[in-house]
Amino acid sequence: MVVVTTSTDPNASETVVTPGGTRIERSEEFIQLLTPTGERVEDETFSFTHDDATIAANLRHMVLGRRLDTEATALQRKGQLGLWAPSLGQEAAQVGSGAAIAGLDEVIPSYREHAVALMRGVDPLDLLKTFRGTAMVDWDSVATRFHLYSFVIGTQALHAVGYAMGMQRDGVVGNPDPADNGAVLVYFGDGATSQGDVSEALVFAASYQTPTVFFVQNNQWAISEPIEIQSRIPLYRRATGFGIPSVRVDGNDVLAVQSVTEWALDRARRGDGPTFIEAFTYRMGAHTTSDDPTKYRRREEEAAWRAKDPIERVRTYLLGRGAVDQAWLDELDAEAEALGVRVREGALALPEPRLEDYWALTYASLPPALAAQRDAYLAYEASFEDADGEGGR
Amino acid sequence: MSETMTMAKALNAGLRRALEADPKVLLAGEDIGKLGGVFRITEHLQRDFGADRVIDSPLAESGIVGTSLGLALRGYRPVVEIQFDGFVWPAFDQITSQVSRMRFRSMGRLSMPMVIRIPFGGAIGAIEHHSESPEAYFTHTPGLVVVSPSTPLDAYWMIQQAVASDDPVVFLEPKRRYHEKGEVDLTEPPLPLDAARVVLQGSDATLLTYGPMVKTCVEAALAASGEGRSIEVIDLRSLSPLDEATIVASVERTGRAIVVHEAARSGGLGAEIAARIQESCFYALEAPVLRVTGYDMPYPPSRVEAQYLPDLDRILDAVDRSLAH
Ligand SMILES: Cc1ncc(C[n+]2csc(CCOP(=O)(O)OP(=O)(O)O)c2C)c(N)n1
Ligand SMILES: [Mg+2]
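Residues numbered from 1 in each chain as written. Chains lettered and ligands numbered in written order. Predicted model: local features only at pLDDT ≥ 70, side-chain atom pairs only at ≥ 80, totals over all residues. Heavy atoms only, no water.

An unreviewed UniProt entry lists chain B under the name Alpha-ketoacid dehydrogenase subunit beta, with Propioniciclava sinopodophylli given as the organism.

Quick look at the structure:
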């Protein structure tokens, strides 16, 4: 890619020309409150209003989220999971937004928000069931207010708007007491923004002014496709065309992400309508464990992003101001290690599914024809037990 | 001239030949450029034919198929890749309401020479939406040609025949067979696109199948021959239109038919084939037409897919039941 104009301000936009000769506007401008080296900076519009304890809690969630991800990736490499979608590098985007969720809010995730899942109280072993293939999606999405993962790109954006429409009708938006209000936080990726479903979701949300926060983790890649294939302008600006306020935030800065998401969720809960947040981050790992990024992206790019690690800067910051000490960090490491052990051992001990249980999940009540099909299956399986006397094939 | 290669390589070679043969042929899809597609079917094709002819599409299946329709109106011959079977549905409207009926709607003036490649079927240990068998939705749609190769040889030739077809072709690639090798004769196509193939000859019963299940059926037939049973195996190859003559000729001889597919049972292609057999071969039948299929539920978690999918034992069990009549 050839840069034709770059202003001296690193935050200003630049125009790049692709090998095919297309001009694209690129901008690295975003809201940032904590720099990659761990220094607090001021922003004109957003400020972080919480104490050090909140930041330390965020650090904890990020470390635990990363540990889960590391363990799951390793499990997949050993053949113990069918697949895993790594969240490595996206911890601040996930934890910062997750920290903004309050009592009545609903979260509608994509398939990579493992750190948010942990924050919502989803048991990591339940999360792994889907990827190990021992269940479909097996956590209580109502109790955790963390909906099922969605694997068909972009579909969940519409579901989030519909859920928010329901909230409007149920009177949980715009009440004087903030505790009586809720909103929907929906996650999707940069690639997903190309889906018709996502555009339609933006149309509906704007039309009905639903309490929906669209949280896009722009991790720069949709498998092998760079963001330029999906958008010729900084993604957050696309929302403007739909009449939805939007903002871009440093997705590797957990303070900024939390501040921006709190603002957006507050707007939504108050009844001021939808917001579109672009969290500018990076998928440090492969798309999934079946992917090989060396085929399409450069090591230098990965290295540049590694220097912007979302966890390191928070650790540096908190240590620097004495908000946490080494003992606290060691304790956190021990907690992460315990999570790692639980995930490693628990994954292998997950109960194996039985096909006969799945007919009953197909309809509210099992139609006779399906019951007969299940019974025939059971009789067929039993015929092997009779034949070899040791149960099953 | 013949070469041993995997089905994945055969498809790649077939697409390469199609791109060489006709400058109007274009490829489009998600991740098909640098990456060569998640299954590497289009590996190096963008490098060799350029980004204008091998296009990395934005992540939108309706967009991919809808814009391909427009390209076809301009005389191009788009070959689109849907990344996985479960992701074709955003394009379903474009395929069934637009692509399939352009000839009909235009009173025969326009044609739609498009190929929609879909890796399909299960047994790869995948998560949800990556193991679907959507063929019946397409065979139920008049105007679409629906085919599925089962060997590298057929893959190599059928993809080129599909590209040459002036009707839209839904091209279903049995992804669990991508890495299996076979002999590919590069000189001439063995059969026309719409012909079924008798893979194994037999006289006691006919197994009718396609795509991923052909190999399984052949294994079952060979196992049955060990017990003195002579089972015929037909690879349908074309699911729509069906090669009824080959089906009927076989069942008239054997008097017994068993259809095998991964897709769920009800309303599946097996139901259509069974109906045609009873219409055409009623007096030759010695037993009811049986089906060995996936069950009537969404595709289950991968740790039980082996129980869900037809296998050798289930096919042999059906053969036994048929012969017991
Ligand atoms: C409708 C649909 N098409 C294709 C896919 C295959 N697929 C899975 S993830 C992915 C890329 C998604 O990129 P993005 O939205 O940026 O999210 P990320 O994976 O980067 O988090 C694709 C193409 C899918 N899951 N659903
Ligand atoms: Mg992405």
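**Q** How would you sum up the interface of chain B and chain A? Please name residues and give values.
**A** Each partner contributes to the interface: chain B provides 39 residues, whereas chain A provides 41 residues. Across the chain B to chain A interface the summed buried area is about 3,300 Å²; carbon plus sulfur atoms make up 62%. Considering only the side of chain B, the residues that lose the most area to chain A are Leu59, Ile127 and Arg303 of chain B, jointly responsible for 22% of the buried surface there. The tally of links between chain B and chain A comes to two salt bridges. One salt bridge in this structure joins Glu43 of chain B and Lys295 of chain A, with 3.4 Å as the shortest N-O distance. On inspection of chain B and its partner chain A, the count reaches 10 residue pairs in polar contact (both at pLDDT 80 or more). Mapped onto the side of chain B that touches chain A, the elements with two or more residues apiece are α11 (305-308) and α12 (312-323) of chain B. (Contact = heavy atoms within 4.5 Å. Buried area = accessible area lost by both parts, 1.4 Å probe. Salt bridge = Lys/Arg side-chain N within 4 Å of Asp/Glu carboxyl O. Polar contact = N/O pair within 3.5 Å; in protein donor to acceptor, adjacent residues only side chain to side chain. Helix = DSSP H or I, 4+ residues; strand = E, 2+ residues; numbered from the N terminus.)

**Q** Hey, could you go over the packing of helix α9 (residues 244-254) of chain B against helix α10 (residues 269-280) of chain B for me, with residue numbers and the actual values?
**A** All names here are of chain B. Orientation of α9 relative to α10, taken along the N-to-C sense of each, is 60 degrees, at an axis distance of 10 Å. Here α9 is positioned oblique relative to α10, judged by the angle of their axes. Relative to α10, the crossing made by α9 is right-handed. Residues Glu244, Ile247, Val248, Val251 and Glu252 of α9 form the contact with α10, whose participating residues are Arg276, Ile277 and Ser280. Residues of the contact of α9 with α10, tallied by class, amount to four nonpolar, one polar and three charged. (Axes fitted to C-alpha atoms, helices over the stretch in contact; angles between N-to-C directions. Parallel < 35°, antiparallel > 145°, perpendicular 65-115°, else oblique. Left-handed = near helix turned anticlockwise from the far one by under 90°. Nonpolar A, V, L, I, M, F, W, Y, C, P; charged D, E, K, R; others polar.)

**Q** Run through the domain arrangement of chain A, naming residues and quoting values.
**A** For chain A, the assigned domains are domain 1 (10-348) and domain 2 (355-393). Taking the mean C-alpha position of each, domain 1 of chain A and domain 2 of chain A sit 41 Å from one another. (Domains from an automatic or database assignment.)

**Q** Got a sec to walk through the pattern of salt bridges? Specific residues and values, please.
**A** In total, this model carries 43 salt bridges over all chains according to the counting rule given. Measuring nitrogen to oxygen at the nearest pair gives 2.4 Å for the salt bridge that ties Arg67 of chain A to Glu337 of chain A. Taken together, the residues Arg67 of chain A in helix α1 (residues 52-77) and Glu337 of chain A in helix α11 (residues 326-348) connect sequence positions 270 residues apart. Where Arg117 of chain B meets Glu173 of chain B, a salt bridge forms, and the shortest distance between an N and an O atom there is 2.5 Å. Remark: Glu173 of chain B occurs in strand β7 (residues 169-174) and Arg117 of chain B occurs in strand β5 (residues 115-120); sequence separation between them is 56 residues.

**Q** Pulling in residues and values, what's your account of the environment of Ala239 of chain A?
**A** All names here are of chain A. You can see Ala239 is positioned in helix α7 (residues 238-241). Residue Ala239 is classed as buried on the basis of its relative accessible area, which comes to 1%. Sequence separation of Ala239 and Leu202 is 37 residues, and the distance between their C-alpha atoms is 7.6 Å. Leave out the neighbours within four places in its chain, and Ala239 touches Ile244, Ser246 and Phe276. (Buried < 20%, exposed > 50% of the residue type's maximum accessible area, 1.4 Å probe, protein only.)

**Q** Describe the UniProt feature "domain: Transketolase-like pyrimidine-binding" (unreviewed entry) in chain B, naming the residues involved and giving the relevant values.
**A** Under the feature "domain: Transketolase-like pyrimidine-binding" (unreviewed entry), the UniProt entry names residues 5-180 of chain B. Span residues 5-180 of chain B is 36% helix and 17% strand, its end C-alpha atoms 8 Å apart. (UniProt positions renumbered as here; feature names shortened; annotations may be inferred.)

**Q** I'd like a rundown of the site of ligand 1, residues and numbers included.
**A** Tyr111, Arg112, Phe151 and Gly191 of chain A together with Glu61 of chain B are the nearest of the 20 residues found near ligand 1. The local environment of ligand 1 is shared, drawing residues from chains A and B. Side-chain polar atom of Arg112 of chain A to an oxygen atom of ligand 1: 2.7 Å apart, as the coordinates give it. Between Asn219 of chain A and ligand 1, the recorded distance is 2.9 Å, taken from a side-chain N or O atom to an oxygen atom. When the free accessible area of ligand 1 is taken as 580 Å², the share hidden by the protein chains comes to 95%. Residue composition of the shell around ligand 1, by class: 10 nonpolar, six polar and four charged. (Near = heavy atom within 4 Å. Areas by Shrake-Rupley, 256 points an atom, 1.4 Å probe, with all protein chains shown as cover.)

**Q** Quick rundown of the state of the cysteines? Include the residues and the values.
**A** Residues and elements named next belong to chain B. Tallied over the full model, the rule gives zero disulfides over all chains. Unpaired in terms of disulfides, Cys217 finds its nearest cysteine sulfur in Cys281, a separation of 18 Å. A residue is classified by how much of its surface remains accessible, and Cys281, at 1% relative accessible area, is buried. (Disulfide = S-S within 2.5 Å.)

**Q** Which residues make up unusual backbone geometry, and what values do they have?
**A** Residue Pro241 of chain B is reached from Ser240 of chain B by a cis peptide bond, and omega for that bond is -5 degrees. Inspection of the secondary structure puts Pro241 of chain B in the loop between β12 (238-240) and α9. The phi angle at Arg145 of chain A is positive, at roughly 55 degrees, despite the residue not being glycine. Secondary-structure assignment places Arg145 of chain A in the loop between α4 (124-132) and α5 (155-169). The residue Asp31 of chain B is not glycine, and still its phi comes out positive at about 65 degrees. Tracing the sequence through the fold places Asp31 of chain B in the loop between β2 (25-29) and α2 (45-49). Residue class for Asp31 of chain B comes out buried when judged on its relative accessible area of 3%.

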